[in-house]
Amino acid sequence: MMNIPWDQPATLIDLDGKTPVIGSMLECVAHFSLFTPLAKEQARILLTGPVMREGRKTRTWILNPDEIEKLVDRLDAEKKAAQ
C-alpha cells in the first residue's frame, strides 16, 4: 500500500456527506492531513486501482483513516528528506 504513486487519481470522501476531493493521491493525503480528528475518523480514499493491504489476502479500492495516516507520515518523511 505504501507504494501508491502520488500522482495516481483518487477521491477523498467522508461519511458525513461533504463534497469529495477529487484529485491526485498527493492532494487527497495533504487535504486529509488538515482534517480535525473527528473528520479524519470519517474519511476514506477511493482509489482508481486496487492495492494490497496488510493482513488481507485480497486487494481493495478503499483506504481507511489509519492507512491514510500512514501516507501522511510518508509524505512528511519525504518532505523532510527533501530539505
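Please refer to the structure placed before this passage.
An account of the accompanying structure is given in this report. (Residues numbered from 1 in each chain as written. Predicted model: local features only at pLDDT ≥ 70, side-chain atom pairs only at ≥ 80, totals over all residues. Heavy atoms only, no water.)

## A closer look at the overall build of the chain
Along its length, the chain carries 3 helices and 4 strands. Traced from its N-terminal end to its C-terminal end, the chain shows the element sequence β-β-α-α-β-β-α. In terms of C-alpha radius of gyration, the chain reaches 12 Å, essentially the compact-globule figure of 12 Å for 83 residues. With the C-alpha coordinates aligned to their principal axes, the bounding extent of the chain is approximately 35 × 30 × 20 Å. Every one of the 83 residues in the chain was classed for burial, and the buried ones make up 37%. The contacts of the chain with a sequence gap of at least 6 include a subset with a gap of at least 24, amounting to 44%. (Helix = DSSP H or I, 4+ residues; strand = E, 2+ residues; numbered from the N terminus. Rg over C-alpha atoms; globule rule 2.2 N^0.38 Å. Buried < 20%, exposed > 50% of the residue type's maximum accessible area, 1.4 Å probe, protein only. Contact = heavy atoms within 4.5 Å.)

## Quick word on the pairing of strand β4 (residues 59-63)
For strand β3 (residues 43-52) and β4, the ladder comprises 4 bridges, and the chain directions are antiparallel. The residue of β4 that forms the bridge with I45 is L63. Two successive antiparallel strands, β3 and β4, enclose a turn made up of 6 residues, where G55 displays a positive phi of approximately 80°. (Pairing = 2+ DSSP bridges.)

## Topic: helix α1 (residues 25-33)
Those residues of α1 that fall on the buried side of the exposure criterion are M25, C28, V29 and F32. Looking straight down α1, one finds its buried side chains confined to an arc of 95°; they lie on one side. Its buried side turned inward, α1 meets β1 (9-14), β2 (21-24), α2 (37-41), β3, β4 and α3 (65-82). (Arc of directions from axis to C-beta.)

## So, the pairing of β1
Strand direction decides the pairing type here: β1 and β2, joined by 4 bridges, are antiparallel. Each bridged residue has a counterpart across the sheet, and for A10 the counterpart in β2 is G23. Bridge count for β1 against β3 is 5 bridges, and the pairing is antiparallel. Across the sheet, L12 pairs through a bridge with I45, a residue of β3.

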